[in-house]
2 protein chains.
Amino acid sequence: MVKLKPRFKLWLETEDGYVFGPGSFELLHGIQEKGTLKAIAEELNMSYRHAWGIIKEIEEKLGKPIVVAHRGGKVGGGGAELTQTGKELLETYLKLKNELNQMFSKIDTVKL
Amino acid sequence: MVKLKPRFKLWLETEDGYVFGPGSFELLHGIQEKGTLKAIAEELNMSYRHAWGIIKEIEEKLGKPIVVAHRGGKVGGGGAELTQTGKELLETYLKLKNELNQMFSKIDTVKL
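Residue numbers run consecutively from 1 along every chain, following the written order of its sequence. Each chain is given a letter, starting from A, and each ligand a number, starting from 1, according to the order in which they appear as written. Only residues with pLDDT of at least 70 are given local features in this predicted model, and only at 80 or more are side-chain atom pairs given and counted; all residues enter the totals for whole chains, interfaces and linings. Heavy atoms from the whole structure form the basis of all side-chain values; hydrogens and water molecules are not counted.

Undergrad: How would you sum up the overall build of chain A? Please name residues and give values.
TA: Along the backbone of chain A there are 4 helices and 5 strands. Note on conventions: DSSP H or I runs of at least 4 residues are helices, E runs of at least 2 residues are strands, and numbering of each starts at the N terminus. The N-to-C order of helical and strand elements in chain A reads β-β-α-α-α-β-β-α-β. In this description the radius of gyration comes from C-alpha coordinates, and the expected globular size is given by 2.2 Å times residues to the power 0.38. Here chain A has a C-alpha radius of gyration of 17 Å; the compact-globule value for 112 residues is 13 Å, and the former is much larger. The principal-axis extent of the C-alpha atoms belonging to chain A is close to 60 × 35 × 20 Å. Categorising residues by exposure relies on relative accessible area from a 1.4 Å probe, with only protein chains included: less than 20% of the type maximum marks a residue as buried, more than 50% marks it as exposed, and the intermediate range marks it as partly exposed. Counting every position in chain A, which comprises 112 residues, the buried fraction comes to 44%.

Printed below as a string of structure tokens:
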């Protein structure tokens, strides 16, 4: 007998396609938790420059800022925080993700 | 104002990882509908050999057959049909997919 588990990937799209998914969620969640981009970029094994690139790409697609950087913040040279749009984006994704997780937790392993 | 729609990808895993997702679903669904692998492989723009390869890979992971081919079936040289395991796999995936689609259809577009 083989046991199968359902898995999902969740993302958000505009009419023009992909905007925000698991990777960008980790990034924004980390910024909210840590108050800096540097620490979460390191944790996700990406360069600071690459992490900023991801954020800039989302901002371009949305046409508004989601993160603001400021000098003189926490250790490591400057902190970062989410804008109102960034917070809403994060919360929207998290809410949907939690709903899906809850739904999937009710599904038994499929046995074939 | 930017409108965002949530999207998902669904797949089934064993302990060893990925087994069955959107592509293999299309393939099995097509076999069930058309009674032949050739027609659905063409429709999905893949070679007959590649389509068989996908099926063989799933069968290897499950340790049981999901499709049986037989000569002298429909036009195009031999038909193909799902085994009981193949049918259960297809139905399991379809049921989950429909549940997710239903859940997502209730979610309004997110406006940021």
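Next comes the rest of the account.
Undergrad: Please give an account of the interface of chain A and chain B that cites residues and values.
TA: Many authors give the size of an interface as the accessible area that is lost as the parts come together. Facing 29 residues of chain A, the contacting portion of chain B comprises 29 residues. Here chain A meets chain B over a buried area of about 2,600 Å², counting both sides, of which 73% is carbon and sulfur. Reported buried area values correspond to the accessible surface (1.4 Å probe) lost by two parts on association, with both partners' losses combined. Considering only the surface of chain A that becomes buried against chain B, A:Leu4, A:Arg7 and A:Leu112 emerge as the three largest contributors, covering 23% of it. Whenever Lys or Arg places a side-chain nitrogen within 4 Å of a carboxyl oxygen from Asp or Glu, that contact is recorded as a salt bridge. Here chain A and chain B share 2 salt bridges between them. In this analysis, two residues are considered to be in contact whenever any of their non-hydrogen atoms come within 4.5 Å of each other.

Undergrad: Could you give an account of the side chain of A:Glu59, naming the residues involved and the relevant values?
TA: All names here are of chain A. Mapped onto the secondary structure, Glu 59 falls in helix H3 (residues 48–62). With relative accessibility at 9%, the residue Glu 59 sits in the buried group. In this structure the side chain of Glu 59 is engaged in a polar contact, spanning 3.0 Å, whose partner is the side chain of Lys 56. Residues contacting Glu 59, with those up to four places away along its chain left out, are Lys 64, Pro 65, Ile 66 and Val 67. Polar contact is defined as a pair of N or O atoms within 3.5 Å, subject to the rule that within protein one atom must be able to donate a hydrogen and the other to accept it, and that residues adjacent in sequence are counted only when both atoms are side-chain atoms.

Undergrad: Summarise unusual backbone geometry; cite the residues concerned and give the values.
TA: All names here are of chain A. One non-glycine residue, Asn 45, lies in positive phi territory at about 55°. Checked against the element boundaries, Asn 45 lands in the loop between helix H2 (37–43) and H3. Residue classification places Asn 45 among the exposed positions, given a relative accessible area of 74%.

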